[in-house]
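Understanding the architecture of this molecule
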Protein chains: 2
Amino acid sequence: MPQPPRRATILEVAHEAGVSKTSVSRYYSGERERLSETMRERIVSAAERLGYQPNPMARGLKGGPSGLVGMLVADIRNPFSVAIMHGVEQACRQAGLSLMVCNSDNDPNQEKAQLALLSSYRIEGLVVNAAGRHSEALHSLAQSGTPLVLLDRTLSDVNADQVGLDNAAAVDMALDHLVERGYGRVLFITEPPSLASSRQARLERFQARCAALKLPANTLITEVTTPRHIEQALKEFHRTRGPRPAILCANGQITQAVIRSVKVLGLAVGEIGVLGIDELDWCDLTDPGITTLAQPTDAIGKAAIDCLRQRQTGSGDPPRSHLFLPRLIARGSTQPPLLA
Amino acid sequence: MPQPPRRATILEVAHEAGVSKTSVSRYYSGERERLSETMRERIVSAAERLGYQPNPMARGLKGGPSGLVGMLVADIRNPFSVAIMHGVEQACRQAGLSLMVCNSDNDPNQEKAQLALLSSYRIEGLVVNAAGRHSEALHSLAQSGTPLVLLDRTLSDVNADQVGLDNAAAVDMALDHLVERGYGRVLFITEPPSLASSRQARLERFQARCAALKLPANTLITEVTTPRHIEQALKEFHRTRGPRPAILCANGQITQAVIRSVKVLGLAVGEIGVLGIDELDWCDLTDPGITTLAQPTDAIGKAAIDCLRQRQTGSGDPPRSHLFLPRLIARGSTQPPLLA
DNA sequence: TTGTATGCGTTATCAA
DNA sequence: TTGATAACGCATACAA
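Residues numbered from 1 in each chain as written. Chains lettered and ligands numbered in written order. Predicted model: local features only at pLDDT ≥ 70, side-chain atom pairs only at ≥ 80, totals over all residues. Heavy atoms only, no water.

The name that an unreviewed UniProt entry assigns to chain A is LacI family DNA-binding transcriptional regulator, with the source organism given as Halomonas binhaiensis.

Here you go:
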């Protein structure tokens, strides 16, 4: 049995190189400038020989920078979350940071545990993409000095930056597009708007904007896990007499559920308009394609990391909000009326 | 400015409770049994008051169990990877383990860095879902005693368990289904089969099985990023005279690319059969739906964690292989021939 | 049952 | 420019 070959320690490297461990430490702590040429060479070669790599545990214990960024995701199976995550990752790579991702799977207990885990690993910043109401944990984390970035969510009374979609502008773009394509009444379908989340913002803007445009508006608040509700609402909405109808889906999950229900009911997409917030892999594969508002996920991820890095240096600034505009991708699900 | 309130240490708790830090340590190290009733009470209440939580860094430094499992993913945007990850996560939760996920985004350098990061955090096991050929790093990790589980991939000469799809059975099921539905020739489309990966297994079985069945077989090896190749191959395959044609897609990414190309070319899905390995969110939303072989992702994830835990105790056993059968979900893309 | 003392690998403080 | 030494927070062998 090959006994576990311990990883080389800084002491062993120092010994091998014939120098003190302090010097080796300096070499790896970004103080190479202060070392003589010979010293550097001896250290590199010794480290090379022993395959030395600094132990982040010991580093973290001392309180130095960890180079670690945490990300908390509420639902890893949501493609939008994954897209954002990808953006965050790219940004981290460019910044020379490591990213540690935890998924809470929408379980508050799990979320709390993950938060504890991340914070205990001395992360230098946390990107939160979770809808839960774990305010306490986040608060304490923020107060402990960890830079915080909230995605798609605002949290009052906490020193955290916020990055996400300009929900008001997005809803406006959606409604303008629907009107332009000749739809005369709109049903907005959303998951339950939790406190202070972007769902709330979208819903409110929808209602306000429809009122302003004098556009007949309906709203359905439902879970995606209960397709019955959606089918029921669609049936009623479709049956009702009135101008040309369209559905506005508050996010990708809803879009998927709606398309499924529309299929079940045998309704004709396009005739009944469908517009979804969030672009999905398959929006161009259905027949007709689904019109969407695509969020600039890479830019959002990058902005999140930028926020964290700014906080690390000048931390006194008040919380900021970075809002991004979506891009409209028009497809067959919102077609002009047929000239009959 | 509210100065960062350091996290409470074990020493402070001991002080607050009027006991020694050893006792507090015992309390949190699973030796509560050995403490007196009074002792326990004092410790809990003190810890409660100070909001104490053990510092895993310091713990890890000492060499104790970390309760951490790492997972290395090659492409987080692959829905199949996410599905597996979800299964792994559930299993971790049940086992009381924490999961730390790293995505290499198919970048070998990144992959190497992630591996170093994970190993340095004293993970108790690593689940690898990456196609790269970072054998050296994995080898050294395995030899250092860290239990390893390979997903969808075998690696010779390394002490690692393997969990994944029974590729041979899957290909057999696919071909049997296609034949049964009246298809007489098959085009297999796959990404480049890297060494020892499951792609290789599927490809080989496809060719062997088609030969055995005397089924006319074609093969296209392509990247999903170059749809031209797929379109070209589809056009040719469709144009060629012969029995009823079908496409077998080696994985979800290929399925998506194929459906897209089929649409571009204006071919009729179903008339030209399409069967994909891996179930996708939207397979029932296209018209017609896509027939797939769904992998039991939750079971696979659970098996991976089971392997790790077994290794932790009895480590002497030879590497094992856990293979799972897929479930066929028949949809319109593989329909019986029309009676004309 | 409880406490004391030492070491884990690193960085920071100080002295040389 | 370099090196000795004391923390960091915790677990553990050992003593009481």
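Considering the interface of chain B and chain A
Counting from both sides, the interface comprises 45 residues of chain B and, opposite them, 47 residues of chain A. With both sides pooled, the region where chain B packs onto chain A buries about 4500 Å², and carbon together with sulfur makes up 57% of that total. Seen at the junction of chain B and chain A, the total is six salt bridges. Put simply, Arg 260 of chain A and Asp 284 of chain B hold a salt bridge, and the shortest N to O gap is 2.7 Å. Applying the counting criterion to the chain B and chain A interface returns 13 residue pairs in polar contact (both at pLDDT 80 or more). Among the elements of the structure, helix 4 (56–62), helix 5 (79–95), strand 2 (98–103), helix 6 (108–120) and helix 11 (252–265) of chain B are those that each provide at least two residues to the side of chain B that touches chain A. Considered class by class, the residues forming the side of chain B that touches chain A number 20 nonpolar, 14 polar and eleven charged. (Contact = heavy atoms within 4.5 Å. Buried area = accessible area lost by both parts, 1.4 Å probe. Salt bridge = Lys/Arg side-chain N within 4 Å of Asp/Glu carboxyl O. Polar contact = N/O pair within 3.5 Å; in protein donor to acceptor, adjacent residues only side chain to side chain. Helix = DSSP H or I, 4+ residues; strand = E, 2+ residues; numbered from the N terminus. Nonpolar A, V, L, I, M, F, W, Y, C, P; charged D, E, K, R; others polar.)

So, the protein's contact with DNA strand C
Neighbouring residues of DNA strand C: 28 residues in total, closest Ile 10, Ser 25 and Arg 59 of chain A together with Thr 22 and Ser 36 of chain B. When the atoms of DNA strand C within 4 Å of the protein are grouped by moiety, sugar and phosphate amount to 55% of the total. Asn 55 of chain A places a main-chain nitrogen or oxygen 3.0 Å from a phosphate oxygen of DNA strand C. Separating a base oxygen of DNA strand C from a side-chain N or O atom of Arg 26 of chain B is a distance of 2.7 Å. (Near = heavy atom within 4 Å.)

Digging into the nonpolar core
Grouped together as the largest cluster of nonpolar side chains are 48 residues, with contacts concentrated most on Met 71, Val 127 and Ile 305 of chain A together with Met 71, Val 127 and Ile 305 of chain B. Filtering out sequence-adjacent residues up to four positions away, Val 127 of chain B remains in contact with Val 69, Gly 70, Met 71, Leu 72, Val 88, Val 149, Leu 151, Ala 304, Ile 305 and Leu 308 of chain B. (Core = buried A, V, L, I, M, F, W, Y, C linked by side-chain atoms within 4.5 Å. Buried < 20%, exposed > 50% of the residue type's maximum accessible area, 1.4 Å probe, protein only.)

Let's talk about helix 9 (residues 198–213) of chain B
Residue and element names in this part refer to chain B. For helix 9, spanning 16 residues, the distance from its first C-alpha to its last is 22 Å, which sits close to the expected 22 Å at 1.5 Å a residue. Listing the buried residues of helix 9 in full gives Ser 198, Arg 202, Leu 203, Phe 206 and Cys 210. The buried residues of helix 9 occupy an angular sector of 140° when the element is viewed end-on, so they sit on one face. Opposite its buried face, helix 9 presents the exposed residues Ala 211 and Ala 212, each directed more than 90 degrees away. Of the residues that open helix 9, the one with a side-chain oxygen 2.9 Å from the backbone nitrogen of Arg 199 is Ser 197. Remark: Lys 214 follows helix 9 within two positions and exhibits a positive phi of approximately 55°. (Expected span 1.5 Å × (residues − 1). Arc of directions from axis to C-beta.)

Describing the protein's contact with DNA strand D
Within the structure, DNA strand D sits among 26 residues, and Arg 26 and Ser 36 of chain A together with Ile 10, Tyr 52 and Arg 59 of chain B are positioned closest to it. When the atoms of DNA strand D within 4 Å of the protein are grouped by moiety, sugar and phosphate amount to 55% of the total. Within the side chain of Ser 36 of chain A, a nitrogen or oxygen atom sits 2.6 Å from a phosphate oxygen of DNA strand D. The contact in question runs from a base oxygen of DNA strand D to an N or O atom on the side chain of Thr 22 of chain B, over 3.4 Å. Sorting the residues of the surface near DNA strand D by element identifies helix 2 (21–28) and helix 4 (56–62) of chain A together with helix 2 (21–28) and helix 4 of chain B as the ones contributing at least two each. Along the lines of polarity and charge, the residues of the surface near DNA strand D split into eight nonpolar, nine polar and nine charged.

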